[in-house]
Amino acid sequence: MPPAFPLQPDVIPPRSGSIVILTGAGISKESGLETFRDAGGIWSQVRLEDVATPEAFARDPVRVHAFYNMRRARHRTMDIKPNAAHHAVVKLQQAWPGGVTVVTQNVDTLHDEAGTKDLIHMHGTYAQARCNFCDAVVPRLGDLSVTDICASCGKDKGMRPNVVWFGEMPLHMERITAALRDCALFISIGTSGSVYPAAGFVTMVKRSADAHTVELNLEPSQGATLFAEAHYGPATQIVPAYVESLLQSL
Ligand code: BV8
C-alpha cells in the first residue's frame, strides 16, 4: 500500500529529547548501491562466509580484497551520491534541539558525503584500510591488495578493509549503547533487522528508555512487531515526509 502523505506521526517526542537513527543498506538503495538480502542482493551473489569473515580473509585474502575493491570502485565510478533520505537525516540533525545521533550499519560513505554530524559507522567503512598487525587506519579510495605495506609498521600482507566482519565486535558500542539508553525517539531506516547487535537496538531502547520507536522501511523488517510505529515505502519518500512532520511540531 503506498504511503499516505502528509505523513502523520503517532507520537512527537519532547523537543529536548535526543533522537537515535539506525540505518541499513536500504537507505543507500536509491543512490544505486545494492542491499544484501533483497532479491538479487549482495548475499545472493556471494556467500558472506567467503568474503565477510576474518576466517575468509585468512583463507583467501585475494578474494576478500576483490570483493571490497569491486564495491569501492563501483562507489567511485558510478556517480553514487547521497539521496533525499540522507539529506533529510541531515536536515533533522540541524534543526532538532535535543540532538540526533546517526548509527549506520553501512560501510558506504553516503552519510558522510551528505554532511552528517555525530555519525557512527558501527561496521566500519570500505573507504578506510586497517593494518592487521598494528591497527593503524588510513583512508583508502583505490584498490587494496596483499602487497600493500602499512605506512605505520612497514609490514605487508596485513592491510584489510576497515570493515567489521561477522564474528568481529562492532565499533563504538559503548557510545551507541549510551545514546540508545538516553534517547526519546529511536528511528530505524532501511534495515532488515537480520544482523545483531544492531537488530537488537530497538529492544534495548524499549527496555531502558521510555522512548518512542519508529520503523521506516520499504517493507516490514524481521523486527517490525517490536516498533511502536511504522511507515513503509521508499526511503526517499517516507524519510523526508517523516522528518517534515517532526520539524513542523517545533
Ligand atoms: C558480533 C560489514 C559479537 C560487511 C556487516 C546475537 C547477538 C550477537 C551476535 C549475533 C547474534 N546472532 C548472530 C550473531 C552473529 C552475527 C549476526 O548477526 N549474524 C546474522 C547473519 C544472524 N553478528 C556478528 O557477527 C556481529 N558481531 O555480534 O560480535 C562479538 C562478541 C564478542 C566478541 C566478538 C564478537 C558483526 C556483524 C557485522 C557484520 N558486518 N557489514 C560488509 O558490509 O561488507 S553486516 C551487513 O548486514 C551489512 O553491514 C548490512 O548493513 C548489515 C545489515 O543488513 P541491512 O543493512 O539490514 O541490509 P539488508 O539487505 O539485510 O536489508 C535491507 C533493508 O532495506 C530491507 O529490509 C529492505 O526492505 C529495505 N529496503 C530496500 N530498498 C529500500 C529499503 N528501505 C527503504 N527504501 C528503499 N528504497
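Let us look at the structure shown here. Throughout, residues of each chain are indexed from 1 in the direction in which the sequence is written. Only residues with pLDDT of at least 70 are given local features in this predicted model, and only at 80 or more are side-chain atom pairs given and counted; all residues enter the totals for whole chains, interfaces and linings. For side-chain calculations, the full set of non-hydrogen atoms in the structure is used, while hydrogens and water are omitted.

### Regarding the overall build of the protein chain
1) Next: Each helix is a run of DSSP H or I of at least 4 residues and each strand a run of E of at least 2, with the numbering of both proceeding from the N terminus. Within the protein chain, the secondary structure is distributed over 10 helices and nine strands.
2) Next: The reference for a compact globule is 2.2 Å times residues^0.38; the radius of gyration itself is calculated from the C-alpha atoms. Taken over the C-alpha trace, the protein chain has a radius of gyration of 18 Å; the compact-globule value for 250 residues is 18 Å, and the two agree within 12%.
3) Next: Dimensions of the protein chain, computed from C-alpha atoms along their principal axes, come out at roughly 55 × 35 × 30 Å.
4) Next: Expressed as a percentage of the 250 residues in the protein chain, the buried residues total 52%. Exposure is judged per residue with a 1.4 Å probe applied to protein chains only, and the accessible area is read against the type maximum: over 50% gives exposed, under 20% gives buried, and values in between give partly exposed.

### What about unusual backbone geometry?
1) Next: Pro 197 follows Tyr 196 through a cis peptide bond whose omega is 0°.
2) Next: Looking at the element boundaries, Pro 197 is found in the loop between β7 (185-189) and α9 (201-208).
3) Next: With phi around 40°, Asp 118 is a residue other than glycine that occupies positive phi space.
4) Next: You can see Asp 118 is positioned in the loop between α7 (110-113) and β3 (119-121).

### Quick look at the side chain of Thr 101
1) Next: Note that Thr 101 resides in strand β2 (residues 100-104).
2) Next: Two residues form a contact once any of their heavy atoms are found within 4.5 Å. Apart from the residues within four sequence positions on either side, Thr 101 is in contact with Ile 19, Val 20, Ile 21, Asp 118, Ile 120 and Ala 179.

### As for the packing of aromatic side chains
1) Next: Think of it this way: a Phe, Tyr or Trp ring, Trp meaning its six-membered ring, pairs with another when their centres are within 6.5 Å, and the plane angle makes it stacked under 30 degrees, edge-to-face over 60, tilted otherwise. All told, the structure shown has seven aromatic pairs when counted by the stated rule.
2) Next: Ring geometry for Phe 67 against Tyr 68: centres 4.8 Å apart, planes inclined by 80°, an arrangement best described as edge-to-face.
3) Next: Relative accessible area serves as the criterion here: at 3%, Tyr 68 is assigned to the buried category.
4) Next: The rings of Phe 36, Trp 43, Phe 57, Phe 67, Tyr 68, Trp 165 and Phe 166 are connected pair by pair, giving a single aromatic cluster.
5) Next: Its guanidinium or amino end placed over the ring of Trp 165, Arg 160 lies 3.8 Å from that ring's centre, counting from NZ or CZ. Distance and angle both matter: a charge sits over a ring if NZ of Lys or CZ of Arg is within 6 Å of the ring centre and within 35 degrees of the ring normal.

### A closer look at the sheet that holds strand β4 (residues 124-131)
Pairing between the strands of a sheet is mediated by backbone hydrogen bonds and can be parallel or antiparallel.
1) Next: DSSP-based pairing: two strands are paired if at least 2 bridges between them are found. Pairing is antiparallel across the open sheet formed by three strands, whose spatial order is β5-β4-β6. Two strands close off the open sheet at either side, each with one partner strand: β5 (137-139) and β6 (159-163). Put simply, the sheet's adjacent strands are angled 45° from each other on average, direction ignored.
2) Next: Where β4 meets β6, five bridges bridge the pair, whose relative direction is antiparallel. Residue Ala 129 lies in a different strand from β6, and its bridge partner there is Pro 161.
3) Next: Helix axes are fitted to C-alpha atoms over the stretch in contact, other axes to C-alpha atoms as well, and angles between N-to-C directions run from 0 to 180 degrees. Strands in contact with helix α5 (residues 61-77) are β4 and β6; relative to β6, the strand with the most contacts, it is inclined by about 60°.

### Examining the site of the ligand
1) Next: A cutoff of 4 Å decides nearness: a residue is near a molecule or strand if any of its heavy atoms lies inside that distance of it. Taken together, 36 residues lie around the ligand, and Phe 36, Arg 37, Arg 71, Thr 191 and Ser 192 are the ones closest in.
2) Next: N or O atoms closer than or at 3.5 Å make up a polar contact, with two conditions inside protein: a donor-capable atom paired with an acceptor-capable one, and, for residues adjacent in sequence, both atoms drawn from side chains. Note that an oxygen atom of the ligand is positioned 2.7 Å from one of the backbone N or O atoms of Gly 167.
3) Next: In these tables, accessible area is a Shrake-Rupley quantity obtained with a 1.4 Å probe, and a residue counts as shielded only by the protein chains included in the view. Burial of the ligand by the protein amounts to 78% of the accessible area it has alone, namely 1500 Å².
4) Next: For this scheme, ten residues count as nonpolar: Ala, Val, Leu, Ile, Met, Phe, Trp, Tyr, Cys and Pro. Four count as charged, namely Asp, Glu, Lys and Arg, and the remainder, Gly too, count as polar. In the shell around the ligand, the residues fall into 16 nonpolar, 13 polar and seven charged.

### Let's talk about helix α10 (residues 235-248)
Two residues of an α-helix separated by three or four positions point the same way, owing to the 3.6 residues in each turn.
1) Next: An expected span of 1.5 Å times one less than the residue number is assigned to each helix. Here α10 is 14 residues long and its end C-alpha atoms lie 19 Å apart, about the 20 Å a rise of 1.5 Å per residue gives.
2) Next: In this structure, the buried residues of α10 make contact with β1 (19-23), α1 (26-29), α6 (84-95), β7, β8 (212-217) and β9 (229-232).

### Some remarks on the pattern of salt bridges
1) Next: Salt bridges are defined as contacts in which a side-chain nitrogen from Lys or Arg sits within 4 Å of a carboxyl oxygen from Asp or Glu. According to the stated counting rule, one finds 13 salt bridges in the structure shown.
2) Next: Glu 49 is paired through a salt bridge with Arg 47; the nearest N and O atoms lie 3.8 Å apart.
3) Next: Here Glu 49 falls in the partly exposed class, since its relative accessible area comes to 38%.
4) Next: Between Arg 175 and Asp 118 there is a salt bridge, with the nearest N and O atoms lying 3.0 Å from each other. Placement of Arg 175 in helix α8 (residues 173-182) and of Asp 118 in the loop between α7 and β3 is noted, with a sequence separation of 57 residues between them.
5) Next: Residues joined by salt bridges that share partners form a network here, namely Arg 47, Glu 49, Asp 50, Arg 59 and Arg 63.

Bear in mind that shape data such as this cannot, by itself, settle questions of function.
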